[in-house]
Structures are given as C-alpha cells and as structure tokens.
Amino acid sequence: MNDTPTTLPVAQGDLPEIPPTAAPRPHTLRVYADKGGKFRWHLKAPNGKKIASSGESFATHRNAVRAAKGMLDLMLDPEANLDVLAVLMADG
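Residues numbered from 1 in each chain as written. Predicted model: local features only at pLDDT ≥ 70, side-chain atom pairs only at ≥ 80, totals over all residues. Heavy atoms only, no water.

A. The arrangement of the overall build of the chain in detail. For the chain, the helix and strand inventory stands at 2 helices and 3 strands. Moving toward the C terminus, one meets the helices and strands of the chain in the order β-β-β-α-α. Buried residues in the chain amount to 15% of all 92 residues. For the chain, the share of sequence-separated contacts (at least 6 apart) that also reach a separation of at least 24 residues comes to 18%. (Helix = DSSP H or I, 4+ residues; strand = E, 2+ residues; numbered from the N terminus. Buried < 20%, exposed > 50% of the residue type's maximum accessible area, 1.4 Å probe, protein only. Contact = heavy atoms within 4.5 Å.)

Encoded structure:
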C-alpha cells in the first residue's frame, strides 16, 4: 500500500470525490490514574495526537470526568459558555 498523499487539482468551489480508505477514527477522551494515584484526562484527535489535557490532577475519578466534560462543553458550544471563556482568557 502506498502511504504517499495524492495531490489533486481542485477548481475553486469544486471538490473531487475521494473514496474513503478507512473509517474515520473518533476523538478519544481518556481518564486515567497517574503515578501518584490521582486522576487526569487527555483528549486525542483522530490522528492520535494529544490535543488537550487536564494539566492538573484530581483527587477522584468523578472530578476528572467532570472537568473533562466541562472542557468538552466549552469546545462543543463556545457561544453558550462565553462568560466562562472570558474568565479563562483573562486568567491566561
């Protein structure tokens, strides 16, 4: 199998039909215990690269899941969470 990407000429507004070579992988969220026995999470993109992580540990699995869900809520519906985003940006 040839893994070299194929470049196709594309006229503006005209995308070629390219048959899928494999089913797309979903984003994956993993909550795990770290070496200290506390919990962390990370999110991986379909290509397997880590795109977000907790950055801190949580005392319980439940709190790590809650924090990950909060991050996902911000990502999926940023307009509904503008007040939270404003605080996060101000703290940065």
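B. Molecular detail of a nonpolar patch on the surface. A grouping of Ile51, Met75 and Leu76 is seen on the molecular surface, where their side chains present a nonpolar patch of about 340 Å² in accessible area. With respect to the helices and strands, the residue Leu76 is situated in helix H1 (residues 61–76). (Patch = residues over 30% accessible without salt bridge, like charges linked within 9 Å, V, L, I, M, F, W, Y side chains within 5 Å. Areas by Shrake-Rupley, 256 points an atom, 1.4 Å probe, with all protein chains shown as cover. Salt bridge = Lys/Arg side-chain N within 4 Å of Asp/Glu carboxyl O.)

C. Main features of the sheet that holds strand E1 (residues 28–33). One open sheet accounts for 3 strands, arranged E1-E2-E3; its pairing is antiparallel. The open sheet has two free edges, formed respectively by E1 and strand E3 (50–53), since each of these has just one partner strand. Going across the sheet, the axis of each strand differs from the next one's by a mean of 25°, ignoring polarity. Bridge count between E1 and strand E2 (residues 39–44): 6 bridges; the pairing is antiparallel. Directly across from Tyr32, in E2, lies its bridge partner Arg40. Along the sheet, H1 makes contact with E1, E2 and E3, crossing E2 at roughly 30°. (Pairing = 2+ DSSP bridges. Axes fitted to C-alpha atoms, helices over the stretch in contact; angles between N-to-C directions.)

D. Expanded view of the nonpolar core. In this structure, Phe39, Trp41, Leu43, Ala52, Phe58, Ala64, Ala68 and Met71 together form the largest nonpolar core, which totals 8 residues. Apart from residues no more than four positions distant in its own chain, Phe58 is found in contact with Lys38, Phe39, Trp41, Asn63, Ala64 and Ala67. (Core = buried A, V, L, I, M, F, W, Y, C linked by side-chain atoms within 4.5 Å.)

E. Quick look at the pattern of salt bridges. Scanning the entire structure with this criterion turns up 2 salt bridges. Put simply, Asp73 and Lys69 hold a salt bridge, and the shortest N to O gap is 3.0 Å. Taken together, the residues Asp73 and Lys69, both in helix H1 and 4 residues apart, mark about one turn of the helix.

F. The pairing of E2, seen in detail. Counting the residues between successive antiparallel strands, the hairpin from E1 to E2 contains 5 residues, one of them, Gly37, with a positive phi of roughly 85°. Alignment of E2 against E3, held across 3 bridges, turns out to be antiparallel. Across the sheet, His42 pairs through a bridge with Ser53, a residue of E3. Between E2 and E3, which pair antiparallel in sequence order, lie 5 residues; one of them, Gly48, sits at a positive phi of approximately 90°.

G. Just the confidence of the model for the chain, in detail. On average, residues of the chain carry a pLDDT of 75, and 58% of them reach 70 or more. Averaged pLDDT values for the elements of the chain fall to 61 in helix H2 (residues 82–91) and rise to 91 in E2. (pLDDT = per-residue confidence, 0-100.)

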